[in-house]
Amino acid sequence: MAESTDETSSNPLGSDPTRQSLSNRQKLVGVALAAAILVAAWFIAGRAGLDTVGTGGINAQLLPRIGEPAPDFTAVGLGGEIISLSDFRGTPVWINFWGAWCPPCRAEMPEIQAAFEELGPQGLTLLAVSLGDRPSVAGDFARKNGVTFTVLLDPDRTLTSRAYPIYNFPTHIFVDADGIVRNIVLSEMNKSEAIAAATTIMPELASASVES
């Protein structure tokens, strides 16, 4: 009596050339579909402005406009004190959003300090808001750089991000004594550039430079 042959046992699914070829085609289609989705996501992100993150593009669109009132915010000082932008109404305020993890922010800090040493005695307040740093890291960095202006802490960005969504580091916002945004700089500055930017909220600086 002849033995019966079971094709499925002698030729399992994994070794069926036809089915194996179909499986490979399905994998290729899946890879192609995933690639198409990624390309579409990249295109949409670019159109939304996310391709300019870090260069000021999207940041300029989301920040308060020049000529508009500066939204208030509250953050924590290095000593644990609660400080709000509105505490300084009546004086010109330079807001610097920075992080010790940010190379341009680290590079400009001595220049910012040098500018403040000249501008502070003339009535300017500088609030340097550390974003994304552990408090100890921000404090250590400020001390090592001999910072004498006010450093504020917002480690997880929950305190300031609603009013000031920051995507570009550093970001500098200059607010006049009436609480109006007069200038925004989305780049690293040296001392002379910082002083020039501050003339928009300290008219006396512009007058002094003209007279001299």
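Computed from a predicted structure; not experimentally measured.

Within the chain, the regular secondary structure consists of seven helices and seven strands. Reading the chain from its N end, one meets helices and strands in the order α-α-α-β-β-β-α-β-α-β-β-β-α-α. The buried share of the chain, reckoned over its 212 residues, is 36%. By sequence separation, contacts in the chain at least 24 residues apart represent 69% of the contacts at least 6 residues apart.

Counted according to the given criterion, the structure contains three salt bridges. As a salt-bridge pair, Lys191 and Glu118 come within 3.5 Å of each other at their nearest N and O atoms. Residue Lys191 is found in helix α6 (residues 191–198), and its partner Glu118 is found in helix α4 (residues 103–119); the two are separated by 73 residues along the sequence. By relative accessible area, Glu118 is classed as partly exposed at 36%. Where Asp176 meets Arg182, a salt bridge forms, and the shortest distance between an N and an O atom there is 2.8 Å. A relative accessible area of 11% means that Asp176 is categorised as buried.

Looking at the chain, the pLDDT average stands at 81 and 69% of residues meet or exceed 70. Here residues 1–14 scores under 50 on pLDDT; set against residues more than four positions off or in separate chains, the count is three contacts. Low pLDDT, under 50, characterises residues 34–55; the predicted model gives this stretch 13 contacts beyond four residues in sequence or across chains.

Here the amide bond leading from Phe169 into Pro170 is cis, since omega sits at -5 degrees, within 30 degrees of zero. Positionally, Pro170 belongs in the loop between β5 (150–154) and β6 (171–175). Here Arg157, not a glycine, exhibits a phi torsion of approximately 65 degrees, which is positive. Of note, Arg157 is situated in the loop between β5 and β6.

The seven strands lie next to each other as β2-β1-β5-β4-β3-β6-β7, forming an open sheet whose pairing is mixed. Looking at the sheet topology across the chains shown, the edges are occupied by β2 (82–84) and β7 (181–185). Going from strand to strand, the sheet's axes swing by 30 degrees on average, the running direction of each strand aside. The sheet contact formed by strand β3 (residues 93–98) and β6 spans five bridges and is antiparallel. Residue pairing across strands places Ile95 opposite Ile173, the latter belonging to β6. Packed onto the sheet, α4 meets β3, β4 (125–131) and β6 and runs at close to 165 degrees relative to β3. Packed on one face of the sheet, helix α5 (residues 135–144) meets β3, β4 and β5 and runs near 160 degrees to β5.

On to α6, then. Because each turn of an α-helix spans 3.6 residues, side chains separated by three or four positions in sequence point in the same direction. When α6 is considered as a whole, its buried residues turn out to be Ala194, Ile195, Ala197 and Ala198. Buried residues of α6, viewed axially, fall in a sector of 160 degrees; they line one side.

Moving on, we come to the state of the cysteines. By the definition in use, this model includes one disulfide. A sulfur-sulfur separation of 2.5 Å characterises the disulfide bridge that pairs Cys102 with Cys105. As the torsion about the S-S bond is roughly 75 degrees, the Cys102-Cys105 disulfide counts as right-handed. Since its relative accessible area comes to 0%, Cys105 is described here as buried.

Grouped together as the largest cluster of nonpolar side chains are 49 residues, with contacts concentrated most on Trp94, Ile95, Trp98, Phe149 and Tyr164. Elements with a minimum of two residues in this core: β3, α4, β4, α5, β5, β6, β7 and α6. Apart from residues lying up to four places away in sequence, Ile95 is in contact with Phe73, Leu85, Leu127, Val129, Tyr164, Thr171, His172, Ile173 and Val175.

Each value, and the rule that gives it
Residue numbers here run from 1 along each chain, matching the order of that chain's written sequence. Residues qualify for local features only when their pLDDT is at least 70, as the model is predicted, and side-chain atom pairs are given and counted only at 80 or more; totals for whole chains, interfaces and linings, by contrast, use all residues. Side-chain calculation: all heavy atoms of the structure are included, whereas hydrogens and water are not. Here a helix means four or more residues in a row that DSSP labels H or I, a strand means two or more in a row labelled E, and each is numbered from the N terminus. Burial classes: relative accessible area under 20% of the type maximum marks a residue as buried, over 50% as exposed, and values in between as partly exposed (1.4 Å probe, protein chains only). Here a residue-residue contact requires only that any non-hydrogen atoms of the pair lie within 4.5 Å. Each reported salt bridge corresponds to a side-chain nitrogen of Lys or Arg within 4 Å of a carboxyl oxygen of Asp or Glu. Residue-level confidence of the predictor is what pLDDT reports, using numbers from 0 through 100. The criterion for strand pairing is that DSSP finds at least two bridges linking the strands in question. An axis is simply a line fitted to the C-alpha atoms; with a helix, the fit covers only the stretch in contact. Between two such axes, the angle follows the N-to-C directions and lies from 0 to 180 degrees. For this quantity, the arc is that covered by the directions from the helix axis to the C-beta atoms. When two cysteine sulfur atoms are found within 2.5 Å, that pair is recorded as a disulfide. To define a nonpolar core, start from buried Ala, Val, Leu, Ile, Met, Phe, Trp, Tyr and Cys residues and group those joined through side-chain atoms within 4.5 Å.

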